[in-house]
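Spelled out from the first residue to the last, the chains are:
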Amino acid sequence: MSMLKNLPFEWLVGLRYTRAGKRSGRNSFISFISLISMAGIGLGVAALIVVLSVMNGFQKEVTDRMLSVLAHVEVFDNSGSMPDWRAEAAQAFKNPAVKGAAPFVETQGMLLRDDALRPAIVRGVLPEEEPNVSDVAGQTRMGSFKALQPGTFNIVLGIELARALRVNLGEKVTLMLAQGQVTPAGVLPRMRSFTVSGIFQAGHNEFDAGLAFINIEDGQRLLRLDGPSGLRLRLADMNRAPQVAAELKKTMPGDLWLRDWSKLNANWFAAVQTEKRMMFIILTLIIAVAAFNLVSTLVMTVTDKQADIAILRTLGASPRSIMKIFMIQGALVGILGTILGVGGGVLVAMNIDVIVPFIEHLLGVQFLSKDIYFISTVPSDLRWPDVSKIGVLAVILAFLATLYPSWWAARVKPAEALRYE
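Structure report, in brief. (Residues numbered from 1 in each chain as written. Predicted model: local features only at pLDDT ≥ 70, side-chain atom pairs only at ≥ 80, totals over all residues. Heavy atoms only, no water.)

We now examine the overall build of the protein chain. What the protein chain contains, in helices and strands, is 16 helices and ten strands. In the protein chain, 79% of the contacts between residues at least 6 apart in sequence involve partners at least 24 apart. For the protein chain, the accessible area works out to roughly 21,600 Å², and carbon and sulfur atoms hold 61% of it. (Helix = DSSP H or I, 4+ residues; strand = E, 2+ residues; numbered from the N terminus. Contact = heavy atoms within 4.5 Å. Areas by Shrake-Rupley, 256 points an atom, 1.4 Å probe, with all protein chains shown as cover.)

Next comes the structure, spelled out in structure tokens:
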């Protein structure tokens, strides 16, 4: 209480106006509208935090599943092959950000079995080196990834690709490559029969339905290469992939070109970022509507307090002090609403894994069916920079909402206000 007594009178009056008066029912109504404004700002802030956290969670989940198959950085030799890949890997490891390396060859082809024909990306790998850059070996649900031995012409398929081809372990599929071979009958596609030795599930439909693995030596033989196409690298921090790729380009010898994982799926990431921006703008409108409600609250307060304003003016209060009183009142409502919204939004976002199952159980529904989606739970990734941006935006909108009513209050003329009192 002693701290409040030491505050300037503008703060004391502004704080007083945020509470309902004891003798006026109209004051109680204005205070109720203030509570509604506060609740509206809090609801908008909480909704924005929760929605962005869920979108971040989905993005992180999909990205993690993509990077369980993709490398963080790919290094290619412009000559078409990299026979001395171990020397190139040693050069890459000189950068402390690089934690794993593995050679590969890659081509596009068609997989055929009976009357089923499916396009696929066929990647030749070393089974013992591949775990250094991807998690495919651990995602093999049937068979063994280690069965990809040179000369065996075994193949590991994505689970959806295997279903589309109606093929099981031990059965044969035919790989047809676009690179043709000249025969007396003309140019025919290069073909080779493979035995299915494993089926993996990455949890990402693009890879489960269109990716297959073979041994790197079998791939080199099919593509008639004298070495791997390049290197796949795994980094300590995947978010630094563009910077690390630029550093490796300068330090690694040879005529190389590098590609980081963000460029492989640039369209998808651009679409996600656009969606997040649009969702941010749309949900910000909720906060803006609550801020407009705050304008009406302050206008009603100024109308109701004209006699008080006139008395303060006759006692020597300046127009600037009157304006400050109502700006303090509106800003307090906005700040309190923002604090409530941030607290509620953070609480919900951090416990979304408990709240959503409870709602599903209560309503008897399942938002993400296991039969349709690979992700059966709603993920959440709360990011404090997002929370800070939302909180600051809400406070700024609330402050802007106080400007016109406060300016109007400062223009009240004492004589006219007291004429009918």
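In this section: the nonpolar core. Counting 61 residues, the largest nonpolar core has V75, L111, I155, L157, F213 and L233 as its most contacted members. Excluding its chain neighbours within four sequence positions, the residues that come into contact with F213 are V69, R123, V125, E130, V136, F145, L148, N154, I155, V156 and F200. Among the nonpolar cores identified, the runner-up in size contains 21 residues, and L52, L298, A349 and A401 belong to it. (Core = buried A, V, L, I, M, F, W, Y, C linked by side-chain atoms within 4.5 Å. Buried < 20%, exposed > 50% of the residue type's maximum accessible area, 1.4 Å probe, protein only.)

Turning our attention to the packing of aromatic side chains. In the structure shown here, the tally under the stated rule is six aromatic pairs. Plain terms: the ring middles of F145 and F213 are 5.6 Å apart, the flat faces sit at 70° to each other, and that makes the pair edge-to-face. Remark: F213 occurs in strand β8 (residues 211-215) and F145 occurs in the loop between β4 (140-143) and β5 (154-158); sequence separation between them is 68 residues. Side by side, F145 and F213 carry an identical accessibility label, which is buried. (Phe/Tyr/Trp six-rings, centres within 6.5 Å; stacked < 30°, edge-to-face > 60°.)

Below, the discussion takes up the environment of A209. Of note, A209 is situated in the loop between α6 (205-208) and β8. The exposure class assigned to A209 is partly exposed, which follows from its relative accessible area of 31%. Measuring from C-alpha to C-alpha, the distance between A209 and R118 comes to 8.9 Å, with 91 residues separating the pair along the chain. Among all residues touching A209, those that are not within four sequence positions of it are P119, E160 and L161.

When you line up the elements, T284 lands in helix α10 (residues 266-304). Judged by relative accessible area, which is 13%, T284 ranks as buried. One polar contact links the side chain of T284 to the main-chain carbonyl oxygen of F280, over a distance of 2.5 Å. If we skip the residues at most four places from it in the chain, T284 touches L48, L393 and L397. (Polar contact = N/O pair within 3.5 Å; in protein donor to acceptor, adjacent residues only side chain to side chain.)

So, on to the side chain of Q59. Within the element layout of this structure, Q59 appears in helix α3 (residues 25-67). When near neighbours in sequence (up to four residues on either side) are disregarded, Q59 contacts W268, F269, V272, Q273 and K276.

Glancing now at unusual backbone geometry. The backbone phi angle of F153 is positive, close to 50°, even though this residue is not glycine. Take F153: it is sitting in the loop between β4 and β5. Residue F153 is classed as buried on the basis of its relative accessible area, which comes to 7%. In this model, R224 sits at a positive phi of 60°, which is unusual for a non-glycine residue.

To continue, consider the pairing of β5. With five of five residues buried, β5 is to be regarded as a mostly interior element. Two strands pair when backbone bridges link them, and β5 and β8 are joined in this way by two bridges, in the antiparallel orientation. Bridged to L157 within β8 is A212. (Pairing = 2+ DSSP bridges.)

Before going further, it helps to examine the pairing of β8. Among the five residues of β8, five are classified as buried, and the element is accordingly described as predominantly covered. Alignment of strand β3 (residues 116-125) against β8, held across five bridges, turns out to be parallel. Looking across to β8, one finds that G124 is bridged to I214.

Okay, helix α8 (residues 241-251) next. Residues A241, V244, A245 and L248 constitute the buried set of α8. Seen from one end, α8 has its buried residues packed into an arc of 105°, which puts them on one side. Turning to α8, the residues buried within the fold contact β1 (73-77), α4 (85-92), β2 (98-113), β9 (230-235), β10 (256-260) and α9 (261-264). (Arc of directions from axis to C-beta.)

Here D77 shows up in strand β1. For D77, a relative accessible area of 19% corresponds to the buried category. Taking C-alpha positions, D77 is 6.0 Å from D255, a pair spaced 178 residues apart along the chain. In this structure the side chain of D77 is engaged in a polar contact, spanning 2.9 Å, whose partner is the side chain of S79.

For the pair helix α11 (residues 306-314) and helix α12 (residues 319-350), the least separation of the axes is 10 Å and the interaxial angle reads 140°. Of the possible angle classes, the one that applies to α11 and α12 is oblique. Handedness of the crossing formed by α11 with α12: right-handed. Between α11, through I309, L312 and R313, and α12, the contact on the second element is made entirely by P319, I322, I325 and F326. Along the lines of polarity and charge, the residues of the contact of α11 with α12 split into six nonpolar, no polar and one charged. (Axes fitted to C-alpha atoms, helices over the stretch in contact; angles between N-to-C directions. Parallel < 35°, antiparallel > 145°, perpendicular 65-115°, else oblique. Left-handed = near helix turned anticlockwise from the far one by under 90°. Nonpolar A, V, L, I, M, F, W, Y, C, P; charged D, E, K, R; others polar.)

A separate point is the packing of α10 against helix α14 (residues 384-401). The geometry of α10 relative to α14 is characterised by a closest axis approach of 8 Å and an angle of 30° between their N-to-C directions. With respect to α14, the axis of α10 lies roughly parallel. Crossing geometry of α10 relative to α14 is assigned as right-handed. Across the interface between the two elements, F280, T284, I287, A288, A291, L294, V295 and L298 from α10 touch I390, L393, A394, L397, A398 and A401 from α14. Looking at side-chain class alone, the contact of α10 with α14 contains 13 nonpolar, one polar and no charged residues.

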